[in-house]
Amino acid sequence: MADIPDLQIRRLEISDAALFRDIRLEALQKNPEAFGSTFERENAQPLSWFEARLGAADIFGAFLDGTLAGMAGYSARENSKQAHKGLLWTMYVRDTARNAGVGRKLVAAVLDHARGRVEMVQLAVVSDNEAAHGLYRAMGFVEYGYEKKALKHNGRYYDEVLMVNFLDVSSS
């Protein structure tokens, strides 16, 4: 895939909290079935709550022509018995940037960041989100589980596919 002109991927900083809040709330509104949280819960939070989230995790932003077009979060497990695992979470690309390789670049940034820190990166994706499945498979993730009724939104259940990317194949 060719490079996207004027695309910059970088870790969001606390000073980006307002931008993070805006895209996170958009994600929760437009794709509520894809996230464990809700728009109502996070919309009620002060900006300092989003600043704390940025301080506690590694959240990458995709800036297209200077505008935040996508995000992807990475967290390492803190329990010593799970410290070899990382988690890809809060993945979202705005409609205007979809199908342009932005998601691929965000996932690549998370995986590059995770290398040398953890042995594997896990994620959960709603089972009927075929575009996300295809992206994750193309980025080296494989399915290892399926959780029925993982999320419930507006009376409807959503199953999740559990996926993992073993960063160092020789140690898996």
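Just so you know, these numbers come straight off a predicted model, no measurement behind them.

### A closer look at the side chain of Glu-42
Along the chain, Glu-42 turns up in helix H2 (residues 39–43). With a relative accessible area of 1%, Glu-42 lands in the buried category. Within the structure, Glu-42 has its side chain in polar contact with the side chain of Ser-37 (distance 2.8 Å). For Glu-42, the contacting residues outside a window of four places in its chain are Arg-24, Leu-25, Leu-28, Ser-37, Trp-49, Phe-50 and Arg-53.

### Concerning the environment of Gly-36
Summarising the element assignment, Gly-36 is placed in the loop between helix H1 (17–30) and H2. We classify Gly-36 as exposed; its relative accessible area is 71%. Sequence separation between Gly-36 and Lys-152 is 116 residues, and the spatial gap between their C-alpha atoms is 8.9 Å.

### A word on the nonpolar core
With 31 residues, the main nonpolar core has Leu-88, Val-107, Val-121, Tyr-136 and Phe-141 as its most contacted residues. Every element with two or more residues in this core is listed here: strand E2 (58–64), strand E3 (67–76), strand E4 (85–93), helix H4 (102–114), strand E5 (120–126), helix H5 (130–138) and strand E7 (156–166). With seven residues, H4 is the single largest residue contributor to this core. Look past the residues within four positions of Val-121 in its chain and what remains in contact with it is Tyr-74, Gly-86, Leu-87, Leu-88, Leu-111, Ala-114, Phe-141, Met-163, Val-164, Asn-165 and Leu-167.

### Here's the deal with the sheet that holds E3
Each strand in a sheet pairs with another by means of backbone hydrogen bonds, the pair being arranged parallel or else antiparallel. Spatially, seven strands are ordered E1-E2-E3-E4-E5-E7-E6 in an open sheet, and the strand pairing comes out mixed. Because the sheet does not close on itself, it has two edges, and the strands there are strand E1 (7–11) and strand E6 (142–153). Direction aside, the axes of adjacent strands within the sheet are offset by 25 degrees on average. Examined bridge by bridge, E5 and E7 share seven bridges and lie antiparallel to one another. Paired with Ala-124 across the strands is Leu-162, a residue of E7. Docked against the sheet, H4 engages E1, E2, E3, E4, E5 and E7, running at close to 160 degrees with respect to E4.

### Focus on the layout of surface pockets
Of the pockets and cavities examined, the largest pocket occupies roughly 1200 Å³. The element that contributes the greatest number of residues to the lining of the largest pocket is E4, accounting for seven residues. Here the residues of the lining of the largest pocket are counted per class, giving 24 nonpolar, nine polar and nine charged.

### Topic: helix H3 (residues 47–56)
Residues spaced three or four apart along an α-helix face the same direction, because each turn holds 3.6 residues. Of all the residues in H3, the buried ones are Trp-49, Phe-50 and Leu-54. Angular distribution of buried residues about the axis of H3 spans 140 degrees; they occupy a single face of the element. Opposite its buried face, H3 presents the exposed residues Gly-55 and Ala-56, each directed more than 90 degrees away. Considering only its buried residues, H3 is in contact with E1, H1, H2 and E2.

### What to know about the pattern of salt bridges
Here the structure, examined in full by the defined rule, presents 11 salt bridges. The salt bridge involving Glu-143 is made with Arg-137; its shortest N-O contact spans 3.6 Å.

### Focus: the pairing of E4
Summarising burial for E4: eight of the nine residues are buried, a large majority. Pairing between E3 and E4: six bridges, direction antiparallel. Within the sheet, the bridge partner assigned to Ala-76 lies in E4 and is Gly-86. Handedness of the β-α-β unit built from E4, H4 and E5 comes out right-handed.

What counts, and where the lines are drawn
Residues numbered from 1 in each chain as written. Predicted model: local features only at pLDDT ≥ 70, side-chain atom pairs only at ≥ 80, totals over all residues. Heavy atoms only, no water. Helix = DSSP H or I, 4+ residues; strand = E, 2+ residues; numbered from the N terminus. Buried < 20%, exposed > 50% of the residue type's maximum accessible area, 1.4 Å probe, protein only. Polar contact = N/O pair within 3.5 Å; in protein donor to acceptor, adjacent residues only side chain to side chain. Contact = heavy atoms within 4.5 Å. Core = buried A, V, L, I, M, F, W, Y, C linked by side-chain atoms within 4.5 Å. Pairing = 2+ DSSP bridges. Axes fitted to C-alpha atoms, helices over the stretch in contact; angles between N-to-C directions. 1 Å grid on protein atoms, 1.4 Å probe; cavity = no way out; pocket = protein on both sides within 12 Å on 5 of 7 lines; lining within 4 Å. Points joined across faces, edges and corners; volume = space filled by probe spheres on them. Nonpolar A, V, L, I, M, F, W, Y, C, P; charged D, E, K, R; others polar. Arc of directions from axis to C-beta. Salt bridge = Lys/Arg side-chain N within 4 Å of Asp/Glu carboxyl O. Right-handed = clockwise from strand over helix to strand, strands pointing away.

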